[in-house]
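What follows is each chain in one-letter form.
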Amino acid sequence: MRDEITVLKVEPGKPPEVVSMANTLRAMQEMVGGYIEIVPLDDACLVCNDEGKLNGMEGNRQLGGDIIAGPFFIAGDSGDGNLFSLSMEQQERFSRRFARPETFRPGEVEDTLRIKFYTV
């Protein structure tokens, strides 16, 4: 595992930016403002705040039928739970994919909140 990784940071209302960060849980939590959730993408992963919607964070970008609330970052994914730096090609591709900041109407972010209950 590398001590520092290069990721694509995406904040609400701003274009993406390539940044370096420590490859630690603490640094990841600081980047997203709380507990992390990892969402698999094609050949990388999106790391966001697990409670972003519950905490009333601002809507950031739409992903599929969902809206990611609060800041997130994109990192390389080894497939076994370790994150690593994005390649230059990935940086460019995901920068294009998330280039345009999005705005959402009042209540739209909350409307995508889903809570799942499991029985055991």
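Numbering of residues starts from 1 in each chain and follows the order in which that chain's sequence is written. For a predicted model such as this one, the threshold for reporting local features is a pLDDT of at least 70, and the threshold for listing and counting side-chain atom pairs is 80 or more; totals across whole chains, interfaces and linings nevertheless cover every residue. To get the side-chain values, all heavy atoms of the structure are used, and hydrogens and water are removed first.

A. Summary view of the overall build of the chain. In this text, helices come from DSSP runs of H or I with a minimum length of four residues, and strands from runs of E with a minimum of two, each type numbered from the N-terminal end. Within the chain one finds three helices and eight strands. Listing every helix and strand of the chain by position from the N terminus yields β-β-α-β-β-β-β-β-β-α-α. Between the two quantities, the radius of gyration covers C-alpha atoms and the globule rule is 2.2 Å times the number of residues to the power 0.38. In terms of overall dimensions, the chain is globule-like: its C-alpha atoms have a radius of gyration of 14 Å, near the 14 Å expected for 120 residues. Each principal axis of the C-alpha distribution contributes one length, and for the chain these read about 40 × 40 × 25 Å. Buried, partly exposed and exposed residues are distinguished by accessible area as a fraction of the type maximum, computed with a 1.4 Å probe on protein chains only: under 20%, between the cut-offs, and over 50%, respectively. Counting all 120 residues of the chain, 39% fall into the buried class. Put simply, 54% of the contacts in the chain that link residues at least 6 apart link residues at least 24 apart. We count Lys and Arg on the positive side and Asp and Glu on the negative side, and we leave His and both chain ends out. One atom stands in for each charge, and that atom is NZ of Lys, CZ of Arg, CG of Asp or CD of Glu. Averaged over its 13 positive side-chain charges, the chain has a centre that lies 4 Å from the centre of its 20 negative ones. Residue contacts are defined here by distance: any two heavy atoms, one from each residue, within 4.5 Å place the two residues in contact.

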